[in-house]
Amino acid sequence: IGSRHDEDNNELGSFSSSAGSYKISGAPYVPNISGNVVTNVNGDEQQITRFCRALKAIEKERLRHREYIKAELRIRELPQRMSDPEILPAMNPIIQKLSQEFPKTASRIISQNGLHIEEFNALQDRVEKNILFRYAVQSEIRKIERESKNTTTSNKNKKP
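Please read all numbers here as calculations on a predicted model, not as lab measurements.

Enquirer: Please explain the overall build of the protein as it appears in this structure.
Expert: If you tally the helices and strands in the protein, you get four helices and zero strands. When the helices and strands of the protein are placed in sequence order, the string is α-α-α-α. Burial status across the protein gives 46% buried among its 160 residues. The long-range share in the protein, meaning contacts at least 24 apart out of those at least 6 apart in sequence, stands at 63%. Carbon and sulfur atoms provide 49% of the accessible area of the protein, an area that totals close to 8,900 Å².

Right under this line is the structure:
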C-alpha cells in the first residue's frame, strides 16, 4: 500500500494506494488498488470485507473510466494529476465530466457494499496509519481475488 502520490497518480480523482487511498467529502480523489487485503485487526471482519469489496469495485470503475477516456481521446497515457482541481479546468471536457462525477459513483459503490461514507473514510485512515490493519486489508483483498478467480474458473467449467 502506497501513499497518496504513488507512481500512478494520474487517475480519475488523483491519489493512489494499493489499499485505495480515497476520501469522499467533496474531494475529487479516488483509489488505485493493485494490492491485497486481511482479516480482523481491531475491527469487524464483515466490515473489513465490505470495505475491501468497495475498494475493489471503486478501482474497477476507475480503471474502466481511464480506458474509456484513453479510447475517446485516442491517447496512450493520461496526464499526471488530471483531476487536480487546479489543473482540471484545462483538461478535455470528457476528463472534467468523469472526474467530477466519480466521487458520486464511488459513494454509490460504498453504499452498495453496506458502508457509510464516514465508515469508509475512517477505515481508509486506519489503512494509512496502522500497518497491521493495512496488512489485514491486503490479506482480505487477496482472499477476495482468489475467491473471484475460483468462481470464474468454476463457472467456465460448467456445462450449459
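Back to the write-up after that little detour.
Enquirer: Explanation requested: the nonpolar core in the structure shown.
Expert: Across soluble globular proteins, you tend to see nonpolar side chains buried next to one another. With 18 residues, the main nonpolar core has Phe51, Cys52, Ile58, Phe120 and Val137 as its most contacted residues. Counting only elements with at least two residues in this core, the list comes to α1 (45-73), α2 (93-112), α3 (117-129) and α4 (131-157). Per element, the largest residue contribution to this core is six residues, and it comes from α1. In this structure, Ile69, Met82, Leu88 and Ile95 belong to the second largest nonpolar core, which totals seven residues.

Reading the values: the criteria
- Residues numbered from 1 in each chain as written.
- Predicted model: local features only at pLDDT ≥ 70, side-chain atom pairs only at ≥ 80, totals over all residues.
- Heavy atoms only, no water.
- Helix = DSSP H or I, 4+ residues; strand = E, 2+ residues; numbered from the N terminus.
- Buried < 20%, exposed > 50% of the residue type's maximum accessible area, 1.4 Å probe, protein only.
- Contact = heavy atoms within 4.5 Å.
- Areas by Shrake-Rupley, 256 points an atom, 1.4 Å probe, with all protein chains shown as cover.
- Core = buried A, V, L, I, M, F, W, Y, C linked by side-chain atoms within 4.5 Å.

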